[in-house]
Amino acid sequence: MRFATKAIHAGQEPDPSTGAVMTPIYQTSTYWQKSPGEHKGFEYSRGTNPTRKALEECLAALENATFGLAFSSGMAATDAIMKLLKPGDEVITGSDLYGGSYRMFTRIFAAYGINFHFIDLSSPENIVPYLNTKTKLIWLETPTNPTMQIVDIAGVSKIAKAHNVLLTVDNTFASPYLQNPIDLGADIVMHSATKYLGGHSDVVMGAVMLNDEDLYKKLWFIYNACGATPGPMDSFLVLRGIKTLHLRMKAHCENGEKVASFLKAHFRVDKVYWPGFNDHPNHLVAKKQMRDFGGMISFTLKGAALKETFETASKFKVFTLAESLGGVESLINHPVSMTHASIPKEAREAVGVVDNLLRLSVGVEDIEDLLEDLEQALR
Ligand code: P1T
């Protein structure tokens, strides 16, 4: 099946008990057993639920993976993957990363004896000096949050495979519509399904997709044993959101390109971070591994201090000042005080997360309204 067909149908059949065309919300915590252990494949909803199962099959299909797991948030998905590691293990990851991932790595897993190297991943060879026998995982985002750096997934995968190190790609910003890391050699794909997969800013969820059965079994054990699994209502919402993923992403990309070009030409704007520009440092890699360039854009306000940046961020009327991204509505975010506040100043400024940086999640509203809003807010 092709992408749009998978988005609408994968994992979903008319309900066997009623013929309902849409997957029902199986709002139950537990399931009848005829005699102990004799049941229809479902025992207890922390581990298995039919609505969640349909979603997980759909998620796997979108990433061309064999297995899918849904978690109660993107962070819960990250947490489960990190629990594959043991004290003394080392992780190589990017220096530009979602603030919550950085916080979990440095303040939760570092305390359990896992060592993290935060490095510039713009060139795969940068990884080599950090590899040693303790290296067990490479964790990368591409495009990165919030400066839209592009990491060459196939290039990193080649190095990871040669050293027997697992590669996980956080594919939240691209969505499976724009990029499929498993096809490029990644072992695990992770998503904050809160974003483009859900698509309507009405649910918090995480997803993990992979091919290796042993690894899937290990992750399923953690998922069931630790229990950060989503309920049936949230599973239904993401399953429904995914049905329009391809339509929404097309519109996000179209609007994104126009907003990026508008910003680039604006006298109050200094840097614009968007992988679709020819002069983006890894534009050619983006062109090779992504189908389009997405609707996430960051920019700096020329010469603006924090106060002026706050004033500008508060002037938007169509873009809503809020954390998160990937919904149909446009959002504006100030990374330093919002999504990336938990990263120390020195570390974030080294990768361009400065006081006058603003991040846009360009939604699918009428482009003229979005450009007029930018025009009035930047006046
Ligand atoms: O919020 P949650 O569903 O737990 O997902 C965490 C997460 C993981 N990875 C990336 C790349 C993310 O962007 C996020 C969440 N990010 C935001 C809330 C944000 O506004 O950037």
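Nothing here was measured: the structure is a model prediction, and the numbers come from that model.

So, how was this worked out
Residues numbered from 1 in each chain as written. Predicted model: local features only at pLDDT ≥ 70, side-chain atom pairs only at ≥ 80, totals over all residues. Heavy atoms only, no water. Helix = DSSP H or I, 4+ residues; strand = E, 2+ residues; numbered from the N terminus. Rg over C-alpha atoms; globule rule 2.2 N^0.38 Å. Buried < 20%, exposed > 50% of the residue type's maximum accessible area, 1.4 Å probe, protein only. Near = heavy atom within 4 Å. Polar contact = N/O pair within 3.5 Å; in protein donor to acceptor, adjacent residues only side chain to side chain. Areas by Shrake-Rupley, 256 points an atom, 1.4 Å probe, with all protein chains shown as cover. Domains from an automatic or database assignment. Contact = heavy atoms within 4.5 Å. Buried area = accessible area lost by both parts, 1.4 Å probe. Salt bridge = Lys/Arg side-chain N within 4 Å of Asp/Glu carboxyl O. Nonpolar A, V, L, I, M, F, W, Y, C, P; charged D, E, K, R; others polar. Pairing = 2+ DSSP bridges. Right-handed = clockwise from strand over helix to strand, strands pointing away. Axes fitted to C-alpha atoms, helices over the stretch in contact; angles between N-to-C directions.

A.B. asks: Would you mind going over the overall build of the protein chain in detail, with residue names and values included?
C.D. replies: Looking only at helices and strands, the protein chain features 13 helices and 12 strands. For the protein chain, whose C-alpha radius of gyration is 21 Å, the value lies close to the compact-globule estimate of 21 Å for 379 residues. When the backbone C-alpha atoms are referred to their principal axes, the protein chain occupies close to 70 × 50 × 35 Å. Relative to its full complement of 379 residues, the protein chain shows a buried share of 56%.

A.B. asks: Go over the site of the ligand with me, naming the residues and quoting the values.
C.D. replies: Around the ligand, the surrounding shell holds 19 residues, and the nearest of these are D170, S192, T194, S324 and R359. The contact in question runs from a nitrogen atom of the ligand to an N or O atom on the side chain of D170, over 2.7 Å. Here an oxygen atom of the ligand and a side-chain polar atom of R359 are 2.8 Å apart. For the ligand, whose free accessible area comes to 480 Å², the fraction covered by protein is 93%. Secondary-structure elements contributing two or more residues to the shell around the ligand are helix 3 (74-82) and strand 6 (188-192).

A.B. asks: Tell me about the domain arrangement of the protein chain, and name the residues and values.
C.D. replies: Taken domain by domain, the protein chain consists of domain 1 (3-242) and domain 2 (245-377). For domain 1 versus domain 2, the distance between C-alpha centres works out to 25 Å. Listed by partner, the interface residues are 45 residues for domain 1 and 44 residues for domain 2. Taken together, the two surfaces of domain 1 and domain 2 that pack against each other cover about 3400 Å², and 61% of this comes from carbon and sulfur. Our enumeration of links across domain 1 and domain 2 arrives at 1 salt bridge. A salt bridge links K288 to D152, with the nearest nitrogen and oxygen atoms 3.8 Å apart. Across the domain 1-domain 2 interface, the total number found is 20 residue pairs in polar contact (both at pLDDT 80 or more). Listing elements by their share of the side of domain 1 that touches domain 2, those giving two or more residues are helix 1 (3-9), helix 4 (99-109), helix 5 (153-162), helix 6 (175-178) and helix 8 (232-242). Residues that form the side of domain 1 that touches domain 2 fall into these classes: 24 nonpolar, 17 polar and 4 charged.

A.B. asks: Would you mind going over the environment of Y112 in detail, with residue names and values included?
C.D. replies: Positionally, Y112 belongs in the loop between helix 4 and strand 3 (115-119). Counting along the chain gives 56 residues from Y112 to E56, while the straight-line C-alpha distance between them is 30 Å.

A.B. asks: Describe the pairing of strand 2 (residues 90-94), naming the residues involved and giving the relevant values.
C.D. replies: Burial runs high along strand 2: 5 of the 5 residues are buried. By the bridge criterion, 5 bridges tie strand 2 to strand 3 in an arrangement that is parallel. For I92, the partnering residue across the bridge sits in strand 3 and is H117. A crossover connection joins strand 2 to the parallel strand 3 through helix 4; in handedness this β-α-β unit is right-handed. Here strand 2 runs beside strand 4 (residues 135-141); their pairing, made up of 4 bridges, is parallel. Bridged to V91 within strand 4 is L137.

A.B. asks: Can you explain the environment of A61? Please cite residues and give values.
C.D. replies: Take A61: it is sitting in helix 2 (residues 50-62). Excluding residues that lie within four positions of it along the chain, A61 makes contacts with K6 and A10.

A.B. asks: Can you lay out the sheet that holds strand 1 (residues 67-71) for me, pointing to particular residues and giving the numbers?
C.D. replies: Strand pairing in a sheet relies on backbone hydrogen bonds, with the paired strands running either antiparallel or parallel. The 7 strands are arranged 1-7-6-5-4-2-3 in an open sheet whose pairing can be described as mixed. In this open sheet, the two edge strands, each paired with only one partner strand, are strand 1 and strand 3. Shown here is a sheet whose adjacent strand axes are inclined to one another by a mean of 20°, direction ignored. Bridge analysis of strand 1 against strand 7 (residues 206-210) gives 5 bridges, and the strand direction is antiparallel. Opposite F71, over in strand 7, you have G206 as the bridge partner. Sheet contacts for helix 3: strand 1, strand 3, strand 4, strand 5 (166-170), strand 6 and strand 7; angle to strand 6, the most-contacted strand, approximately 155°. Set on the sheet, helix 5 makes contact with strand 4 and strand 5; between it and strand 5 the angle comes to about 160°.

A.B. asks: Give me the lowdown on the sheet that holds strand 8 (residues 269-273), citing residues and values where you can.
C.D. replies: Spatial ordering of the open sheet is given by 8-9-12-11-10, a layout of 5 strands whose pairing is mixed. At either end of the open sheet lies a strand with only one pairing partner, and these are strand 8 and strand 10 (320-321). Taken strand by strand, helix 11 (residues 306-314) contacts strand 9 (296-301), strand 10, strand 11 (331-333) and strand 12 (357-361), and its axis lies near 135° from that of strand 9.

A.B. asks: Pulling in residues and values, what's your account of the pattern of salt bridges?
C.D. replies: For the coordinates displayed, the defined rule picks out 11 salt bridges. The partner of R52 in a salt bridge is E56, with the nearest N and O atoms 4.0 Å apart. Remark: E56 and R52 occur in helix 2; sequence separation between them is 4 residues, near one turn of the helix. Comparing R52 with E56 shows no difference in burial state: the two are buried. A single network of salt bridges, built from pairs that share partners, joins K345, R348 and E349.

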